[in-house]
Number of protein chains: 2
Amino acid sequence: MHQYGLKVTNARIKVLRILMQSQVALSHGDILTRIHGNELDKVTLYRTLSSFVNAGLAHKVATEDRTWLHALHLPEERNEGVEDHAHFVCDTCECIYCLPLVTEDMAAIPIKESGFQIKSHEYRLRGTCPSCH
Amino acid sequence: MHQYGLKVTNARIKVLRILMQSQVALSHGDILTRIHGNELDKVTLYRTLSSFVNAGLAHKVATEDRTWLHALHLPEERNEGVEDHAHFVCDTCECIYCLPLVTEDMAAIPIKESGFQIKSHEYRLRGTCPSCH
DNA sequence: ATTATTATTGCAACTTGGTTGCATTATGAC
DNA sequence: GTCATAATGCAACCAAGTTGCAATAATAAT
């Protein structure tokens, strides 16, 4: 956590551990319920999460029901600062997975020379995840 | 509006007109401020918009600040029921454009044979729009 | 045209995810 | 250990969107 310029605190250690253990992106509520026993203030959790995002340790995904999910960056994205992966939303369990993208800038294809200058892209997929079919 | 199974009302006509006149997807607030004079209740507008979405006339896009934008379907999507276009978010003016996608199922590429069954996808691009550079 | 049926409208109250202000506490540089 | 600075916890707050319900307007039936 040091190398990201963050002070090492109890709250951050706990939240980081929870994020590391999860295959899917987690909501504020998800994380809170996973902190059994020694509670964590909801505001602290909000701030912990956004400190992770600002530091480039994690990223957030907006859901359909206007909440944020958080997930650590994929291993191959560390130190890059770029977020280049797809989000997969499972129709059944509603989980959101971060999947690596093997892409040679697909974003540039559909609308080049239309006046739109593309700097980044997000790819969101819906369907059924491995544990739901 | 009849062919979509919706009663033709004042509110719906006004909102539909506003959506038709806009190049970009509009927020609840955007639409409300464009109804000069004869007011429209905010709840009515919420319900009008979701009636459009349910009827397959429009669709909604989630923004980064957890609100919904609404836009009519692109001409080529009418009567299809499928929503197959990219969303372009301008970094400067924050507008969201709906752009037609010329795609041969790009979604299938990145993660096939990984256990994820893809049913639909959304492609979101960020950058600078034509009127901002 | 009039009436009956049914969906839409408008208002107030409410829900919920998230934020702000501020005093208290803990971290890490010295 | 001391100190500056950042993180925490609490309460109050904010804003987007929803719910319940009575009043009203749009279509269908007569």
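Figured I'd write up the structure that's included with this text. (Residues numbered from 1 in each chain as written. Chains lettered and ligands numbered in written order. Predicted model: local features only at pLDDT ≥ 70, side-chain atom pairs only at ≥ 80, totals over all residues. Heavy atoms only, no water.)

All names here are of chain B. With twelve residues, helix 1 (residues 10–21) should cover 16 Å at 1.5 Å per step; its first-to-last C-alpha distance of 17 Å lies within 8% of that length. Of all the residues in helix 1, the buried ones are Ala11, Arg12, Val15, Leu16, Ile18 and Leu19. Considered in projection along helix 1, the buried side chains sweep an arc of 160° and stay on one side of the axis. Structural note: helix 1 exposes Asn10, Met20 and Gln21 on the side pointing more than 90 degrees away from its buried face. (Helix = DSSP H or I, 4+ residues; strand = E, 2+ residues; numbered from the N terminus. Expected span 1.5 Å × (residues − 1). Buried < 20%, exposed > 50% of the residue type's maximum accessible area, 1.4 Å probe, protein only. Arc of directions from axis to C-beta.)

Now for the protein's contact with DNA strand D. Around DNA strand D, 20 residues are found, and the nearest of them are Thr9(A), Arg12(A), Thr44(A), Arg47(A) and Val8(B). For DNA strand D, the backbone makes up 63% of the atoms found within 4 Å of the protein, where backbone means sugar plus phosphate. A distance of 2.9 Å is found between a phosphate oxygen of DNA strand D and a backbone nitrogen or oxygen belonging to Trp68(B). Of all the elements in the fold, those that place two or more residues in the surface near DNA strand D are helix 1 (10–21) and helix 3 (42–55) of chain A together with helix 3 (42–55) of chain B. (Near = heavy atom within 4 Å. Polar contact = N/O pair within 3.5 Å; in protein donor to acceptor, adjacent residues only side chain to side chain.)

All names here are of chain B. In terms of burial, strand 4 (residues 85–90) is a largely internal element, six of the six residues being buried. With five bridges connecting them, strand 4 and strand 5 (residues 96–100) associate as antiparallel partners. Within strand 5, the residue paired with histidine 85 across the bridge is proline 100. Counted between consecutive antiparallel strands, the loop separating strand 4 from strand 5 contains five residues, among which glutamate 94 sits at a positive phi close to 65°. As defined by bridge partners, strand 4 adjoins strand 6 (residues 117–128) across five bridges and the pair is classed as parallel. Its bridge partner lying in strand 6, alanine 86 is registered against tyrosine 123. (Pairing = 2+ DSSP bridges.)

Strand pairing in a sheet is mediated by backbone hydrogen bonds. Such pairs are either parallel or antiparallel. The six strands lie next to each other as 5(A)-4(A)-6(A)-6(B)-4(B)-5(B), forming an open sheet whose pairing is mixed. Whereas interior strands pair on both sides, the edge strands pair on one side only; in this sheet they are strand 5 (96–100) of chain A together with strand 5 of chain B. Pairs of neighbouring strands in the sheet enclose a mean axial angle of 25°, with direction left out of account. (Axes fitted to C-alpha atoms, helices over the stretch in contact; angles between N-to-C directions.)

Our focus in this paragraph is the side chain of Thr128(B). Topologically, Thr128(B) is positioned in strand 6. For Thr128(B), a relative accessible area of 5% corresponds to the buried category. Discounting chain neighbours no more than four positions away, the residues touching Thr128(B) are Gly115(A), Phe116(A), Gln117(A), Lys119(A), Phe88(B), Cys90(B), Thr92(B) and His133(B). (Contact = heavy atoms within 4.5 Å.)

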